[in-house]
Amino acid sequence: MRKEELLPLIQADRPRQQILEIINFRPSDRNIEGELYLVTAKIRTINVSLDGVDNRTGIVEDLPYPLGPSKAIHDAEMEVKLKNFKLDFDKIKKSKND
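Residues numbered from 1 in each chain as written. Predicted model: local features only at pLDDT ≥ 70, side-chain atom pairs only at ≥ 80, totals over all residues. Heavy atoms only, no water.

1. So, the side chain of Ser70
Part 1 of the reasoning: Note on placement: Ser70 falls in helix H2 (residues 67-97).
Part 2 of the reasoning: Exposure remark for Ser70: the relative accessible area of 11% places this residue in the buried category.
Part 3 of the reasoning: When near neighbours in sequence (up to four residues on either side) are disregarded, Ser70 contacts Arg30, Ile32, Glu35 and Pro64. (Helix = DSSP H or I, 4+ residues; strand = E, 2+ residues; numbered from the N terminus. Buried < 20%, exposed > 50% of the residue type's maximum accessible area, 1.4 Å probe, protein only. Contact = heavy atoms within 4.5 Å.)

Encoded structure:
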């Protein structure tokens, strides 16, 4: 696969990100089933602050393609962390009420 072929695929895989250019990509070495490439890309980001809206272009390394497999792992990890946080919060709340 060439960079020019990968660009529309990763743009379709990540529709909320403005991926402008593929700089480099390599086969994924993260042992995540279904993840094919780690991509270095030029991306436009939009920052909103009290001063206004600012468009910036930057380089992001190791974007997984396709996103699905690593997103599923990340979502599962976040669910466990949230559950643990809730348990810890309930313990603190209970100890303060005793």
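After that view, the rundown keeps rolling.
2. Focus: the pattern of salt bridges
Part 1 of the reasoning: Scanning all chains against the criterion turns up 5 salt bridges.
Part 2 of the reasoning: Residue Asp62 pairs with Arg26 through a salt bridge whose shortest N-O separation is 2.9 Å. Residue Asp62 is found in strand S3 (residues 52-65), and its partner Arg26 is found in strand S1 (residues 18-27); the two are separated by 36 residues along the sequence.
Part 3 of the reasoning: Residue class for Asp62 comes out partly exposed when judged on its relative accessible area of 34%.
Part 4 of the reasoning: Owing to a relative accessible area of 34%, Arg26 belongs among the partly exposed residues under this scheme.
Part 5 of the reasoning: In this structure, Glu35 engages Arg30 in a salt bridge whose closest nitrogen and oxygen atoms are separated by 2.7 Å.
Part 6 of the reasoning: Among the residues examined, Glu35 registers a relative accessible area of 7% and is labelled buried. (Salt bridge = Lys/Arg side-chain N within 4 Å of Asp/Glu carboxyl O.)

3. Some details on the sheet that holds S1
Part 1 of the reasoning: The sheet built from 3 strands is open, its strands ordered S1-S2-S3 with antiparallel pairing. Looking at the sheet topology across the chains shown, the edges are occupied by S1 and S3. Taken over all neighbouring pairs, the strand axes of this sheet differ in orientation by 25° on average, direction set aside.
Part 2 of the reasoning: When S1 meets strand S2 (residues 37-49), the two strands line up antiparallel, connected through 8 bridges. Bridging from a neighbouring strand, Phe25 pairs with Val39 of S2.
Part 3 of the reasoning: Those strands touched by helix H1 (residues 3-13) are S1, S2 and S3, and its axis lies near 120° from that of S1. (Pairing = 2+ DSSP bridges. Axes fitted to C-alpha atoms, helices over the stretch in contact; angles between N-to-C directions.)

4. Overview of unusual backbone geometry
Part 1 of the reasoning: In this model, Tyr65 is joined to Pro66 through a cis peptide bond whose omega is -10°.
Part 2 of the reasoning: With respect to the helices, strands and loops of the structure, Pro66 is situated in the loop between S3 and H2.
Part 3 of the reasoning: A positive phi angle, close to 55°, is found at Asn31, a residue other than glycine.
Part 4 of the reasoning: Here Asn31 is to be found in the loop between S1 and S2.
Part 5 of the reasoning: Residues other than glycine seldom take positive phi values, yet Asp62 does so here, at roughly 60°.

Taken by themselves, the reported measurements are silent on function.
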